[in-house]
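Residues per chain are reported as follows:
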Amino acid sequence: MSELPYSQLINLILLVVITAGVSIWCFKEYFKNRLPKPSDIDSDIDIVTEKNYQLLHDAIKKSQEIISSAELEGIKLTAGSKFQNKNMEEKYAEILKQTGEDLQKQLTGQAIRAEEDFVGFLSELQTRGQQSQNLIDETIKEKVDALFVRLNTSLDTLVGQTVSKSLEAIQHELEISRQATESYKQQQLTIIDENVIDLLEKTLSLVLVKKLTLRDQLDLVYEALEKAKAEKFLTEPATTTLKTPAPLPPLPTVAQQPTKVN
Amino acid sequence: MTNAELIDKLLIGTYTKTDAIRRIRSLHQFLENQLFASRISEFTASSSADVAWLSGLGADFMKEFTTENMYLKVEDLDTQIKKIQALIIYLPFEVPQGEVVRLGLRMRKDFGANFLLEFRFDPTLIAGCALVWNNIYKDYSVKKKINLNKEIILTSIREYLAEQNRV
Amino acid sequence: MDNKPTTSKPLSSSQEVGFVLSVRDFLVYSDGLPSIKINEIVVSETGARGWVNGLLEDRVQILMIDENNVQPGEMFKRSGKSLDLSVGQHLIGRAINPIGVPLDGKGPLKKIKADELFEIDQEASGIDKRQFITDQFITGLGVIDTLIPLGLGQRELVLGDIRSGKGRFLLDVVINQKQTGTVCVYCLIGKATTEVRAIMDELTASGALSYTVIVAASANDMAPLNYLAPHSAMTIAQYFQKLGKNVLVILDDLGIHAKVHREISLLSDKSPGRESYPGDIFYQHSHLLERAGRFTAEFGGGSITVLPAIEINLNDFTTLIPTNIMSMTDGHLLFKSALFSQGIYPSVDIDLSVSRVGRQTQNRVQNSLSSKIRNILSQAKSLETLSSFSSELPEETQIILKQKNILEEFLKQDFRTYLPLSLQTAFLGLALTNYLKFKPLDVIIRNKMVFLKGLFEAREFAQITANALKFKSDDELIAKLETVASKFDSLIK
């Protein structure tokens, strides 16, 4: 708003300047178009100059008047606009304040209503929740009961199977260990038998050495040799030399014809 | 004399292969001494039996050996004697020489004049002997008999123990 | 010839005997024993056992398998048994010598009636009992499973010079069989006793002994035992193969076995051939290795995969034994001590190693990935020589050289690690993505374990890794990895 009188002021100043410029140009044209006499030139020049000075003076005076009136106008406008601005500001402030209060009232009312709605909603939820909780509890109880019943029956069968399998395995193990014990016993008995024989041989070798005379020993040797002879053990020794092979038969030859001598 | 006749002569009174090889060696030494030594020196054999055997060979036998053929002939005789298969007898005792002769004569009566024996000592046989002929080993010892009659012996022992327990 | 179990004959009342003519260390010549057969056992008067190894015109050649001083003139009797080994489930987890005596101090072997006696030296099965090799043998080591794959039933020679990491590699392969159900037979020939002990302890500590049998003949055992060791190992392998199992046999070291055979042959006056080895040295190894393979269901199913090892001098590995065994195996892995000392493990020279049978067993994704990797490595090799002449390399060359460095880093693996096939494939596929192509090399090397863990654990990658082998080709795998590779940026340092 303060811009308006300012722009008007500028317009006025421009107008004055233009007016001055136009009047100067008119004066120039006027004097240009006139053909001055050489004799009258000097006097005309003086007259013209005088007139020019007078015009200029008038123009300046006019322009000064215009400028001063423009300034006055400008000041008036500025003051007026300032006053209007001030009024408008007060008015707007009041309107804003009013609007603010109205809005606040509205919001508060709405908030209270929303809160009431929300409380109602929560209580509704609570009741519904409680209902579904009760329903779930009942269902779970039923299911768990059924599960327990099934579990009991399967456990019974499982235990029965395990018992029988364990018994089988234990019997199998017993059988294996019995067999192992038996074979170990046999092995040990065999070892003991061998030990007994070895002991017997050792005892005999110690005793017979003392008891048997050379004669007795030699008799046994002769007996053994007779036995070997009887069994035909002492046959011809295997020959170490190879037999010479039979001579090869002579190759057949073609009978030669006697050559005729001419 | 042929080689066979020489061997027959050599093996008279020699009943074991060890003796035969030893005696060939003595013969070799003796002949070397006789034929090549610069002077006749006293010949000492390993035993009086060997000396007796050498003298028993006779002049006819010694005539067969000359300076040219001695080495070859002796080597030949040695090879032939080593080829003869001897009956190996494993005994649990050491055989005295007299018994060796008697055994040797007995075997030669049944199996031929050049039959040779070889004695080895094996105390584990207890009594009796084991024979090896043609690379076959046969056990006629008491040890073998015990092994063959193992079961009977063990049964008797068990019966005896059972009786003892009852008592 | 079927490998039937043998039964011992009852002793007759008279026994064939022979008397020792000469003794050369463990080699005994005896006369007599008129109807003895090869591979029979004879027993001396003192109870020492000998194994009849040869029948000459007038004598029997016997190799002593029990230590004893044999005297000339000593008697040897026929035992009626042949050289056989009692094989059964009781051998798993035990260490035995080649004739079945336990070495681990865990008491006598618990035999059950079902255990059978098998001849140690058996003939290999014929062609009609064998099957084409189609399944891969997984070692758990990326460089082997991807670039030099092995098949179940293959024979692959492991050769390298001293301290080249072969021993570690072989142990790793055994330990990585943990989840596969493969039975392992580790045969040590002529190794020092401390080394045998160390390997036993290593296998026990890693839990590998629960599916392994160790057959060991140490350097202080008699030469015949060292000679028999690989044969016993193969006999045990054949038993498990007939039960339908896959068996891995490691023969460490066949070079020592050849030397032992040479020793025995020279002592028995056999004519020496090239490098003084006997004329039948090729046969000795070939008829041993031919017992491996993959077998038909009628013959028990299962397979025997053999990894014979030889220590060589890398300056000259064209000597007789390595070249012989190279010609009778289905490929070889060459280990270099130079690579091992640089910290590269497994220290296999990829260019000089080959697997003739493994390619046909590989999955198509792995196959194409492996060809790609080999291509890059060979290109890089030729470019490296060129790059030494010029200071500025074109961008493509730089990329190839960088990829080669990345691949070499990714192919390295720590000792005692196992990478499943799918993870190996995904990991190597990642190395070929553009994502890593433009990353700085030091960053890649620093974060190698991050990449590996990410591929295995991170949600974004685990799915791809699990299906790595199911893609149509390696390009598809690489493309899939490209789409999610940028998620590594948040994990790497």
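About the thresholds
Residues numbered from 1 in each chain as written. Chains lettered and ligands numbered in written order. Predicted model: local features only at pLDDT ≥ 70, side-chain atom pairs only at ≥ 80, totals over all residues. Heavy atoms only, no water. Helix = DSSP H or I, 4+ residues; strand = E, 2+ residues; numbered from the N terminus. Buried < 20%, exposed > 50% of the residue type's maximum accessible area, 1.4 Å probe, protein only. Contact = heavy atoms within 4.5 Å. Salt bridge = Lys/Arg side-chain N within 4 Å of Asp/Glu carboxyl O. Expected span 1.5 Å × (residues − 1). Bend = angle between axes of the 7 residues up to and from the residue. Pairing = 2+ DSSP bridges. Buried area = accessible area lost by both parts, 1.4 Å probe. Polar contact = N/O pair within 3.5 Å; in protein donor to acceptor, adjacent residues only side chain to side chain.

**Quick look at the overall build of chain B**
Piece 1. Secondary structure summary: chain B contains eight helices and four strands in total.
Piece 2. Ordered by position in the sequence, the α and β elements of chain B form the string α-α-α-α-α-β-α-β-β-β-α-α.
Piece 3. The burial tally for chain B puts 41% of its 167 residues in the buried class.
Piece 4. Pairs at least 24 residues apart make up 72% of the contacts formed inside chain B by residues separated by at least 6 positions.

**Describing the pattern of salt bridges**
Side chains bearing opposite charge may pair, as long as their charged atoms lie close to each other.
All names here are of chain B.
Piece 1. One pass over the full model with this rule turns up 40 salt bridges over all chains.
Piece 2. With its nearest N and O atoms 2.8 Å apart, the salt bridge here joins E118 to R120.
Piece 3. Relative accessible area serves as the criterion here: at 23%, R120 is assigned to the partly exposed category.
Piece 4. Overlapping salt bridges, with partners in common, bring together D19, R22, R23 and D50 in one network.

**Observations regarding helix α4 (residues 223-242) of chain C**
All names here are of chain C.
Piece 1. For α4, which comprises 20 residues, the first-to-last C-alpha distance of 30 Å matches the rise-based estimate of 28 Å (1.5 Å per residue) to within 8%.
Piece 2. At A229, α4 shows its largest bend, some 35°, and a proline, P230, comes one to four positions later.
Piece 3. With respect to burial, α4 is a largely interior element, 19 of its 20 residues being buried.
Piece 4. Of the residues trailing α4, G244 is marked for its positive phi of about 90°.

**Concerning unusual backbone geometry**
Negative phi values dominate among residues other than glycine, just as trans dominates among peptide bonds.
Residues and elements named next belong to chain C.
Piece 1. A cis amide bond, omega 20°, links D252 with the succeeding residue D253.
Piece 2. On the secondary structure map, D253 appears in the loop between β15 (246-252) and α5 (254-267).
Piece 3. We note that D25 has phi near 60°; this positive angle belongs to a residue other than glycine.
Piece 4. With respect to the element layout, D25 can be found in the loop between β1 (15-24) and β2 (27-30).
Piece 5. Given a relative accessible area of 65%, D25 falls into the exposed group.
Piece 6. The backbone of L33 shows a phi angle near 45°, a positive value even though the residue is not glycine.

**A short note on the pairing of strand β7 (residues 84-87) of chain C**
Note on strand geometry: in a regular strand, side chains alternate between the two faces of the sheet.
All names here are of chain C.
Piece 1. Neither face of β7 is open: one carries D84 and S86, the other L85 and V87, and all of them are buried.
Piece 2. Note that β7 and strand β9 (residues 116-119) share four bridges and pair antiparallel. Across the sheet, D84 pairs through a bridge with E119, a residue of β9.

**Quick notes on the interface of chain A and chain B**
Piece 1. On the side of chain B, 32 residues touch chain A, which itself brings 30 residues to the contact.
Piece 2. Between chain A and chain B, the buried area comes to about 3000 Å², and carbon and sulfur atoms account for 71% of it.
Piece 3. When the buried surface of chain A facing chain B is broken down by residue, Y222(A), F233(A) and L234(A) rank first, second and third, together holding 21% of it.
Piece 4. There are five salt bridges connecting chain A and chain B.
Piece 5. For R215(A), the salt bridge is made with E99(B), and the minimal N-O distance between the two is 3.8 Å.
Piece 6. Viewed at the interface, chain B and chain A are joined by five residue pairs in polar contact (both at pLDDT 80 or more).
Piece 7. Counting residues per element, the ones that place at least two in the side of chain A that touches chain B are α2 (38-211) and α3 (214-230) of chain A.
Piece 8. For the side of chain A that touches chain B, the element with the most residues is α3(A), which contributes 13 residues.

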